Amino acid sequence: MAATGAAVGLGNIWKFPYLTGEHGGSAFVLVYIVCVAALGIPMMMAEVMLGRRGRQTPVNTLRTLAAEAKVSQGWQVIGWCGTLAGMLILSYYSVIGGWTLAYILYSATGTFSGITGEGASALFNQFVQNPAAQIGWHTAFMIMTMYIVARGVQSGLEKAVQYLMPALFGLLLVLVAYATTTGYFWQGLTFLFTPDFSQLSGTSMLTAMGQAFFSLSLGMGTIMIYGSYVPKGTSIASTSVSIALSDTLVALLAGMAIFPIVFANGLEPRAGPSLIFETIPVAFGHMTGGLLFGTLFFLLLLVAAWTSSISLIEPAVTLLIENYRMTRLRAAWWCGMVTWLLGFGTAFSFNLWAQVRVFGMTFFDNLDFLTSNLMLPFGGILIAIFAGWLLSPDTSRTELNIASPWGYSLWRVLIRYVAPVAVSVVLLHAIGVL
Ligand code: PHE
């Protein structure tokens, strides 16, 4: 349940639809689904397994397991790289989390009532173009995250997630139901599910794969931390499959809700990060009870973002606590400060620095590319090699404890060959080496 809470977040509802739109729809979705099934599930099983065996922060888990497997301590790099990736991701995640906060307020005060597509775009543009507002909301979201991390009381939040996540799911269904009334539902479905391979470039494939890692929280050690709490008797395989299924379902539902609204209102599927903030208000602005449902929706999206943000920074905080003997409060303070400051780069990417381009991309786009498309897949390759080649088969067989021998062999082929090769090929192809 807790890992599902960490996996389901802005990645599913904000990022998946906008990337799908930017990369032309269906073919991107197909590659994404294939990546979740063939790479994501075996990778998640590997991470949960390593975490359960190591039972520490990722850096230290890798140290212990590398010693056990009698291989170089250099494998700790997986932990370091993932820990850094988590902080980098949180720095921009928090800015978008701030948008969600602001949208709760907009919704509750009736701003969306009767709003048109054009009106929603204008509202969003006006909002992001104000640097002070961006910093303010980003700060608020960071405080919320660090408050929980500093107190180390995740249990209350995890209990809340048990009820709030199904509620979010329910509201997504309400949005999909609204989408069926727009007259453009089929067009939305066609866009999502009728593969058009002409749209598929190397970068699109890499982005789809990176999104699979991002959405499942893989390649950075978060899942290892959750794995370290998994009791011995629990089946790692079925837990991983169920996390992956719910995560994907939420993303697909978000897509099914959003694209019909995009087409019905003459909005641009390639709008980018603003996509859900320009479409969802239109839906709530036109349905009965929209004020209540809309406010609730952004509130639940906030909770989803919140649980994910905690798991993004937890590896860094536990590292400082375990290895540098810091108190939790101090560790949280330092990690939070650094991440918060870095977030300014993203907050300004939509206003003051919108024209500043490196490699043709804004600060935010560069950070996102670096983390989702390079660091997470790279971490994934290393984790796959470690789990598939270096950890003894006896260990992985006992830890995974899959009933059918066939299931274990399938996992082993996927993790030893398919995952490292496929991820490397896509990675090298997209950066122009292959
Ligand atoms: N999976 C989260 C989401 O979809 C983001 C995340 C990535 C969380 C990596 C933790 C680690 O929003």
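Residues numbered from 1 in each chain as written. Predicted model: local features only at pLDDT ≥ 70, side-chain atom pairs only at ≥ 80, totals over all residues. Heavy atoms only, no water.

Participant: Can you tell me about the site of the ligand, naming the residues and giving the values?
Facilitator: Neighbouring the ligand are 15 residues, the closest being Ala7, Gly11, Tyr93, Phe214 and Ser217. The backbone of Ala7 places a nitrogen or oxygen atom 3.0 Å from an oxygen atom of the ligand. Between Leu10 and the ligand, the recorded distance is 3.2 Å, taken from a backbone N or O atom to an oxygen atom. Its free accessible area being 320 Å², the ligand has 100% of it covered by the protein chains. Residue assignment for the shell around the ligand shows that the elements contributing at least two residues are helix H1 (2-7), helix H2 (10-22), helix H10 (202-215) and helix H14 (290-324). Per-class residue counts for the shell around the ligand are seven nonpolar, eight polar and no charged. (Near = heavy atom within 4 Å. Polar contact = N/O pair within 3.5 Å; in protein donor to acceptor, adjacent residues only side chain to side chain. Areas by Shrake-Rupley, 256 points an atom, 1.4 Å probe, with all protein chains shown as cover. Helix = DSSP H or I, 4+ residues; strand = E, 2+ residues; numbered from the N terminus. Nonpolar A, V, L, I, M, F, W, Y, C, P; charged D, E, K, R; others polar.)

Participant: Break down the side chain of Thr371 for me, citing the residues and quoting the values.
Facilitator: Note on placement: Thr371 falls in helix H16 (residues 363-390). In this structure Thr371 comes out as buried when scored by relative accessible area, which is 0%. In this structure Thr371 touches Ala85, Leu88, Ile89, Tyr92, Leu376 and Pro377, once residues within four positions along its chain are discounted. (Buried < 20%, exposed > 50% of the residue type's maximum accessible area, 1.4 Å probe, protein only. Contact = heavy atoms within 4.5 Å.)

Participant: I'd like a description of helix H4 (residues 58-68), backed by residues and values.
Facilitator: Taken as a whole, H4 has its buried residues at Pro58, Val59, Asn60, Thr61, Leu62, Leu65 and Ala66. Each element contacted by the buried residues of H4 is listed here: helix H3 (26-54), helix H5 (77-108), helix H11 (222-227), H14 and H16. Once H4 finishes, Lys70 follows within two positions and takes phi at roughly 55°, a positive value.

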